[in-house]
Amino acid sequence: MELEAPQQIHSEVRALGARIVVITPELERYTRALHKKLNLSFDILTDLHLKVAEQFRLVFTLPDYLRDLYKSFGSTLDRFNDEPEYRLPMPARYIIDKAGTIRAANVNADYTIRPEPSETLRQLRTLSAAAAD
Amino acid sequence: MASLQERLDEFKKSFESGAPPYKAPHEVIETMHRATAELKATGIEGRALKVEDRAPNFTLFNQDHVQVDSTDLLRQGPLVVSFFRGHW
């Protein structure tokens, strides 16, 4: 669901001169399959061992009790992400301008809350209007 | 079409109802809520990079094992970067 949302707006994002990338700790052999399955037009980049997520200061470690719960469901983060310590990035969406400055930041520790794609478009339009001035 | 958050909320409601197809036990839902509350309480959201901060450059492999450099992308225009925890 959360990768279909950026896909829906990607052509509009491209029309605004911008592009989308998704960064995930998931290993390439899984992102390749996911990319193909969802027929995505933007890249999924593998952030092995969360080196980039660390720089954005988004990384946390799942508490033991939650790790055990996920394991009981058969979810194995160590296999998909090679993260034996069960570290994850918080869900986050950034808009970075051409100069490399962050112009919009949306970070939420509650992974059930996500920014709306329409909001991303609105922010990009504001940015491109400002660049045209 | 419903907004992304509406669809996520719908999923959450269905999951947390304990009804099929997920049949999530009450304890499981409580555990997930506890973890989210504890994570928020650490103040981690406030420490993440924010508006006006300089974005770190990155070079990563994409799904086709092609190296992608953020500097090259930014030369062409603004970049929307989404962090995704994976589909595990």
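Per chain, the residues get numbers from 1 upward, laid out in the order the sequence is written. Think of it this way: whatever chain is written first is A, whatever ligand is written first is 1, and the rest follow in order. With the structure being a predicted model, the display of local features is reserved for residues of pLDDT at least 70 and the display and counting of side-chain atom pairs for 80 or more, all residues being used for whole-chain, interface and lining totals.

Participant: How should the overall build of chain A be read in this particular structure?
Facilitator: By the criteria applied, helices consist of DSSP H or I runs no shorter than four residues and strands consist of E runs no shorter than two, each listed in order from the N terminus. The helix and strand inventory of chain A stands at six helices and six strands. Mapped from its N terminus to its C terminus, chain A presents α and β elements in the order α-β-α-β-α-β-α-α-β-β-β-α. The burial label depends on the number of other C-beta atoms within 10 Å of a residue's C-beta. Counts of 20 or more mean buried, 12 or fewer mean exposed, and intermediate counts mean partly exposed, with C-beta atoms placed from the backbone. Residue burial in chain A is summarised as follows: out of 133 residues, 34% are buried. Here the contact rule is simple: place C-beta atoms from the backbone, and any two residues whose C-beta atoms are within 7 Å are in contact. Of all intrachain contacts in chain A linking residues separated by at least 6 positions in sequence, the fraction that spans at least 24 positions is 54%.

Participant: Help me understand the overall build of chain B in this model?
Facilitator: Summing up its helical and strand segments, chain B has four helices and three strands in all. Helices and strands in chain B line up, N terminus first, as α-α-α-β-β-α-β. Within chain B, the fraction of its 88 residues that count as buried is 18%.

Participant: Looking at this structure, how should I read helix α4 (residues 64–73) of chain A?
Facilitator: Given 3.6 residues to a turn, an α-helix orients residues that are three or four positions apart in the same direction. Counting buried positions along α4(A) gives zero out of ten residues, so the element sits mostly on the surface. A positive backbone phi angle near 90° is found at G74(A), which sits one or two residues after α4(A).

Participant: Help me understand the pairing of strand β1 (residues 19–24) of chain A in this model?
Facilitator: A regular strand places its side chains so that they alternate between the two faces of the sheet. Being paired, for any two strands, means DSSP has found at least two bridges between them. Both β1(A) and strand β3 (residues 79–83) of chain B contribute to a ladder of five bridges, which runs parallel. Counterpart to I20(A) in the pairing with β3(B) is V80(B). With four bridges joining them, β1(A) and strand β2 (residues 43–46) of chain A adopt parallel strand pairing. Of the residues in β2(A), the one forming a bridge with T24(A) is T46(A). Regarding the hand of the β-α-β motif, the stretch spanning β1(A), helix α2 (residues 28–38) of chain A and β2(A) is right-handed. Whether a crossover is right-handed depends on one test, that the path from the first strand over the helix to the second runs clockwise when the strands point away from the viewer.

Participant: Teacher, can you tell me more about the packing of helix α1 (residues 4–15) of chain A against helix α6 (residues 117–132) of chain A here?
Facilitator: Any two packed helices are characterised by how steeply their axes cross, that is the angle between the axes, and by the distance between the axes. Residue and element names in this part refer to chain A. Put simply, α1 and α6 touch, their axes get as near as 9 Å, and they point 25° apart. Accordingly, the angle class assigned to the pair α1 and α6 is roughly parallel. Crossing hand, α1 versus α6: right-handed. Residues A5, P6, Q8, I9, E12 and V13 of α1 pack against P117, T120, L121 and L124 of α6. Lys, Arg, Asp and Glu make up the charged group, whereas Ala, Val, Leu, Ile, Met, Phe, Trp, Tyr, Cys and Pro make up the nonpolar group; the residues left over, Gly among them, are polar. Here the residues of the contact of α1 with α6 sort into seven nonpolar, two polar and one charged. Only the contacting stretch of a helix is used when fitting its axis, a line to C-alpha atoms as for every element, and angles between N-to-C directions run 0 to 180 degrees. For classification, angles of less than 35 degrees are called roughly parallel, those exceeding 145 degrees roughly antiparallel, those between 65 and 115 degrees roughly perpendicular, and all remaining angles oblique. Put simply, a crossing is left-handed when the front helix is turned counterclockwise from the back one by less than a right angle, and right-handed when it is turned clockwise.

Participant: I'm lost on the interface of chain B and chain A in this one. Help?
Facilitator: Often, the extent of an interface is quoted as the loss of accessible area upon association of its parts. Contacts between the two partners involve 46 residues from chain B and, on the opposite side, 71 residues from chain A. Where the side of chain B that touches chain A is concerned, the elements lending two or more residues are α1 (4–16), α2 (26–41), α3 (44–47), β1 (59–61), α4 (70–76) and β3 of chain B. Here the side of chain B that touches chain A takes seven residues from α2(B), the largest share from any one element.

Participant: Where do I start with the nonpolar core in this structure?
Facilitator: Most often, soluble globular proteins have nonpolar side chains that are buried together. Core analysis: the largest hydrophobic core is formed by 34 residues, its most contacted members being I23(A), A53(A), L58(A), A92(A), Y94(A), I95(A) and V80(B). Elements supplying a minimum of two residues to this core: β1, β2, α3 (51–55), β5 (92–96), β6 (102–107) and α6 of chain A together with β3 of chain B. If we skip the residues at most four places from it in the chain, L58(A) touches A53(A), P89(A), M90(A), A92(A), V107(A), A48(B) and F83(B). In plain words, the nonpolar core is the set of buried Ala, Val, Leu, Ile, Met, Phe, Trp, Tyr and Cys residues that C-beta atoms within 7 Å link up.

Participant: What am I meant to see in unusual backbone geometry here?
Facilitator: Outside of glycine, negative phi angles account for most residues, and trans bonds account for most peptide bonds. All names here are of chain A. You will see that L50, though not glycine, has its phi angle at about 60°, which is positive. Along the chain, L50 falls in the loop between β2 and α3. For R57, which is not a glycine, the phi torsion comes out positive at approximately 60°. With respect to the helices and strands, the residue R57 is situated in the loop between α3 and β3 (59–61). The exposure class assigned to R57 is partly exposed, which follows from the 19 C-beta atoms found within 10 Å.

Participant: For this particular structure, what's the right way to read the packing of α4(A) against α2(B)?
Facilitator: Two elements in contact, α4(A) and α2(B), have axes whose closest approach is 10 Å; the angle formed by their N-to-C orientations is 140°. The angle between the axes of α4(A) and α2(B) places the two elements in the oblique class. α2(B) is crossed by α4(A), and the crossing has left-handed handedness. Contacts between α4(A) and α2(B) pair Y65(A), L66(A) and L69(A) from the former with V28(B), T31(B) and A35(B) from the latter.

Participant: What is the right way to look at the environment of H26(B) in this model?
Facilitator: Within the secondary structure layout, H26(B) lies in helix α2. As a C-alpha pair, H26(B) and E16(B) span ten residues in sequence and 7.7 Å in three-dimensional space.

Participant: What exactly am I supposed to notice about the confidence of the model for chain B here?
Facilitator: Confidence in the prediction of chain B, expressed as mean pLDDT, is 86, and 89% of residues score 70 or more. Here the predicted complex carries an ipTM of 0.91, next to a pTM of 0.86. Predictor confidence is given residue by residue as pLDDT, running from a minimum of 0 to a maximum of 100.

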